[in-house]
Amino acid sequence: MTEVMRIERSCFPVAWEYSIFLNICLQNGEVKSGEARSLIMDVFENSGRVAGYIVWETDIVRKEGHILNLAIRQDERRMGNGRRLLSHVLDHLRNIQINTCFLEVRESNFPARNLYESYGFIESDKIPSYYFDEDAIIYSIDL
Ligand SMILES: CC(C)(COP(=O)(O)OP(=O)(O)OC[C@H]1O[C@@H](n2cnc3c(N)ncnc32)[C@H](O)[C@@H]1OP(=O)(O)O)[C@@H](O)C(=O)NCCC(=O)NCCS
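Reading the values: rules and limits
- Residues numbered from 1 in each chain as written.
- Predicted model: local features only at pLDDT ≥ 70, side-chain atom pairs only at ≥ 80, totals over all residues.
- Heavy atoms only, no water.
- Near = heavy atom within 4 Å.
- Polar contact = N/O pair within 3.5 Å; in protein donor to acceptor, adjacent residues only side chain to side chain.
- Areas by Shrake-Rupley, 256 points an atom, 1.4 Å probe, with all protein chains shown as cover.
- Buried < 20%, exposed > 50% of the residue type's maximum accessible area, 1.4 Å probe, protein only.
- Helix = DSSP H or I, 4+ residues; strand = E, 2+ residues; numbered from the N terminus.
- Contact = heavy atoms within 4.5 Å.

Section: the site of the ligand
Turning to step 1, where the next piece is worked out: Around the ligand sit 20 residues in total, of which L70, I72, G80, G82 and N109 are the nearest.
Turning to step 2, where the next piece is worked out: Note that a nitrogen atom of the ligand is positioned 2.7 Å from one of the backbone N or O atoms of L70.
Turning to step 3, where the next piece is worked out: G82 is positioned with one of its backbone polar atoms (N or O) 2.8 Å from an oxygen atom of the ligand.
Turning to step 4, where the next piece is worked out: Against a free-state accessible area of 910 Å², the protein chains account for coverage of 77% of the ligand.

In structure tokens:
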């Protein structure tokens, strides 16, 4: 958890609270909310150290997935790890018959935008001032 928080704080100007990660971990990586929705986290380790993580939400009634967080430790980047985590999530969504997946990203975050676009995500909308200091681009993909 300490390593996840270290990566989180190094990646994002407004980091998620420790309690959010702790809550997911305490429930073995999946927090269910009602019958339809789950919040899931996967942590990727390399040589016994946390190298990155991804958090996503599933809604089996709306048949929608939503990627909420993705981060790779600085010295583990550009080695295909981001793509591997993304691929893992999209496979999971397909396996549970989810039809579509979306996410928000800072407009200036070109590494992430390139990753999503290289994976087939399409820019579908823009939310002005979503991050207060910056707009968000919404990407989506049909599965
Ligand atoms: C975005 C991030 C998750 C990418 O992780 P990664 O492990 O480096 O990504 P990969 O090695 O799998 O790269 C896959 C593709 O993404 C794109 N990409 C990744 N980093 C890039 C960079 N610095 N500049 C341009 N394109 C980049 C490329 O298209 C790359 O394919 P290529 O290596 O064949 O050119 C990582 O940079 C990160 O953690 N950033 C900080 C947190 C963040 O912004 N998260 C996303 C929030 S929406």
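Quick word on helix 1 (residues 2–11)
Turning to step 1, where the next piece is worked out: Of all the positions in helix 1, only E3, V4, M5, I7 and E8 are classed as buried.
Turning to step 2, where the next piece is worked out: Along its buried surface, helix 1 packs onto helix 2 (18–26), strand 2 (37–46), strand 3 (49–59) and strand 4 (64–72).

Topic: the environment of S10
Turning to step 1, where the next piece is worked out: Among the structural elements, S10 can be located in helix 1.
Turning to step 2, where the next piece is worked out: By relative accessible area, S10 is classed as exposed at 57%.
Turning to step 3, where the next piece is worked out: Along the backbone, S10 and Q74 are 64 residues apart, and their C-alpha atoms lie at a distance of 8.6 Å.

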